[in-house]
Amino acid sequence: MSTAKSSSKFSGVIVLALCLAGSGQALAGALPETENGRYALSPTGDGVLRLDTRTGAISTCNNSGAGWACYAVPDERAAMDTEIGRLQADIVRLQAESERLKAELASREPAVPGKIEEPLPKSDSLKPAEPKVAEGGRKIEIPLPSDRDMDRMMSFLESAWRRLIEMANRVQRDVNGKI
């Protein structure tokens, strides 16, 4: 009887080992994708950053009250690639337009007879101009206004100022009377 018990224990251990081996293979088939190397996980302050090694997509995973949830991180590279493609298409279009305009310009006849091809020298507009020299080597000078001219100008400005103030006072009285 002791042999029967020991052989029954032995067969029970074998059955248990086979069950565990079979369930181990079943579990291996149901292992999450991280186990076979598809995802690389990196912990962050409030969850996990998940990188899909097959597609390159990045997701943030957080444990909310209802359980873990992963959300795809917007791919800025795709937006940049789209913008680069649009700009390259614009460049090609502008180059074609430039070539067309150059060909059109080359086919035209010169509008001004005797036109020179080299550009005219540029003068510095901020540099003070040299006083013009009249015949005989004298410099032309512009006379400054006299005191009499200054007095006439000041009286004109005073008169204009007084009229402006009187007009503003009239408008203010009209507005106050209507309110």
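Residues numbered from 1 in each chain as written. Predicted model: local features only at pLDDT ≥ 70, side-chain atom pairs only at ≥ 80, totals over all residues. Heavy atoms only, no water.

Q: Would you take a moment to explain the pairing of strand E4 (residues 67–72) for this structure?
A: On a regular strand, each side chain points to the face opposite its neighbour's, so the side chains alternate between the two faces of the sheet. The buried fraction of E4 is low, at zero of six residues. For strand E3 (residues 58–64) and E4, the ladder comprises six bridges, and the chain directions are antiparallel. Note that in E4 the partner of Thr 60 across the bridge is Tyr 71. Between E3 and the antiparallel strand that follows it, E4, lie two residues. (Buried < 20%, exposed > 50% of the residue type's maximum accessible area, 1.4 Å probe, protein only. Helix = DSSP H or I, 4+ residues; strand = E, 2+ residues; numbered from the N terminus. Pairing = 2+ DSSP bridges.)

Q: Please explain the pattern of salt bridges as it appears in this structure.
A: Opposite charge on two side chains lets them pair, provided their charged atoms get close. Taken as a whole, this structure holds seven salt bridges when the rule is applied. One salt bridge in this structure joins Asp 52 and Arg 38, with 2.8 Å as the shortest N-O distance. Remark: Arg 38 occurs in the loop between helix H1 (2–29) and strand E1 (39–43) and Asp 52 occurs in strand E2 (residues 48–52); sequence separation between them is 14 residues. Here Asp 52 matches Arg 38 in class, with each residue buried. We note a salt bridge from Arg 108 to Glu 104, for which the minimum N-O separation is 3.1 Å. On the accessibility criterion, Glu 104 (32% relative accessible area) is partly exposed. One network of salt bridges, in which partners are shared, links Glu 83, Arg 86, Asp 90 and Arg 93. (Salt bridge = Lys/Arg side-chain N within 4 Å of Asp/Glu carboxyl O.)

Q: What should I look at first to understand the sheet that holds E1 in this one?
A: Sheet strands pair via backbone hydrogen bonds, and the direction of the pair is either parallel or antiparallel. On the basis of which strands lie adjacent, the open sheet formed by four strands has the order E1-E2-E3-E4 and antiparallel pairing. Sheet topology places E1 and E4 at the edges, where each strand pairs with a single neighbour. Looking at each pair of strands side by side, their axes are set apart by 25° on average, direction ignored. Sheet topology places E1 next to E2; five bridges connect them, and they run antiparallel. In the sheet register, Pro 43 faces E2, and the bridge partner there is Val 48. (Axes fitted to C-alpha atoms, helices over the stretch in contact; angles between N-to-C directions.)

Q: Honestly, the packing of aromatic side chains in this entry has me stumped. Any pointers?
A: In this description, an aromatic ring pair is defined by two values, namely the gap between the centres and the angle between the planes. Considering all chains together, one arrives at zero aromatic pairs under this definition. Lying over the aromatic face of Tyr 39, Arg 50 brings its terminal NZ or CZ to 4.6 Å of the ring centre. (Phe/Tyr/Trp six-rings, centres within 6.5 Å; stacked < 30°, edge-to-face > 60°. Lys NZ or Arg CZ within 6 Å of the ring centre and 35° of its normal.)

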